[in-house]
Amino acid sequence: LGRSAILPGALDLDNGSNWTTTDTPTEGRVAVAKTGEVPAGTITTGETKPALIVDLVGATYPGSGDRLDRFQVTNLGTMAAADLQQVRLWLDVNGDSLLDGGDSPVADLAWDGTGWGNSAILLSDLNAWGQFIVTIQLQDTATNGATFQAQVPVHAAATAYADSGPIAAVSAANALTA
């Protein structure tokens, strides 16, 4: 089974997907796991860079008609919301952990007072879920030296028919610096 078609109880915890025993796919809840690390580095104005790479596995069996409705990411770094021009969620269609022409934008994430989210995503087809990339783009007026270290907070991903996840926050190990 591919990463986007994992059934409860069929997960290989040693396959390199970084799933933990506290956030594995189970019927009734969305699971979130880091599937790659974004290297620490700098980001300049107008540049779009990945800030986090995660797998989202839906909480119901493939073909159930469930859909991703809500997703949010927060910043553990020092960058203010005003420093960011755009935060976007992408489906890594080709699964290569890189933002490239093989990927599809899912939703722009807007500042909501605690992070950047979208509660009207409506991404259908549970079988298509898999690896996602969160990207950021800086404003021209971004604070020099400010950092962005992405985190998916507890219960920040939700579907139409199941409980939200993850049950423990999922964070990038590295930060991007303006």
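A brief report on the enclosed structure follows. Keep in mind the model is a prediction, meaning the values are calculated, not measured.

1. Re the overall build of the protein chain
- The number of helices and strands found in the protein chain is 0 helices and 13 strands.
- Its helices and strands in sequence order give the protein chain the pattern β-β-β-β-β-β-β-β-β-β-β-β-β, from N to C terminus.
- Going through the 178 residues of the protein chain one by one, you find that 46% of them count as buried.
- For the protein chain, the share of sequence-separated contacts (at least 6 apart) that also reach a separation of at least 24 residues comes to 71%.
- Carbon and sulfur atoms make up 50% of the accessible area of the protein chain, which amounts to about 7800 Å² in all.

2. Overview of the sheet that holds strand S2 (residues 41-42)
- Strand order in the open sheet formed by 3 strands is S2-S13-S9, and the pairing between neighbours is mixed. Both edges of this open sheet fall to S2 and strand S9 (147-148), since each of them pairs with a single strand only.
- Bridge count for S2 against strand S13 (residues 176-177) is 2 bridges, and the pairing is parallel. Within the sheet, the bridge partner assigned to Gly41 lies in S13 and is Leu176.

3. Some points on the side chain of Gln137
- Inspection of the secondary structure puts Gln137 in strand S8 (residues 131-138).
- Assessed through its relative accessible area of 14%, Gln137 is described here as buried.
- Excluding residues within four positions of it along the chain, Gln137 makes contact with Gly46, Glu47, Thr48, Leu84, Gln85 and Gln86.

4. A few points about unusual backbone geometry
- Look at Ser97: it is not a glycine, yet its phi comes out positive at around 65 degrees.
- Within the fold, Ser97 resides in the loop between strand S5 (84-91) and strand S6 (104-111).
- Here His155, not a glycine, exhibits a phi torsion of approximately 60 degrees, which is positive.
- Within the secondary structure, His155 is located in the loop between strand S10 (150-152) and strand S11 (157-159).

5. Some words on the side chain of Lys34
- Here Lys34 is to be found in strand S1 (residues 31-36).
- One polar contact links Lys34 to Glu37, side chain to side chain, over a distance of 2.3 Å.
- Within the local environment of Lys34, its side chain forms a polar contact with the backbone oxygen of Ser171, the two atoms lying 3.1 Å apart.

Criteria and cut-off values
Residues numbered from 1 in each chain as written. Predicted model: local features only at pLDDT ≥ 70, side-chain atom pairs only at ≥ 80, totals over all residues. Heavy atoms only, no water. Helix = DSSP H or I, 4+ residues; strand = E, 2+ residues; numbered from the N terminus. Buried < 20%, exposed > 50% of the residue type's maximum accessible area, 1.4 Å probe, protein only. Contact = heavy atoms within 4.5 Å. Areas by Shrake-Rupley, 256 points an atom, 1.4 Å probe, with all protein chains shown as cover. Pairing = 2+ DSSP bridges. Polar contact = N/O pair within 3.5 Å; in protein donor to acceptor, adjacent residues only side chain to side chain.

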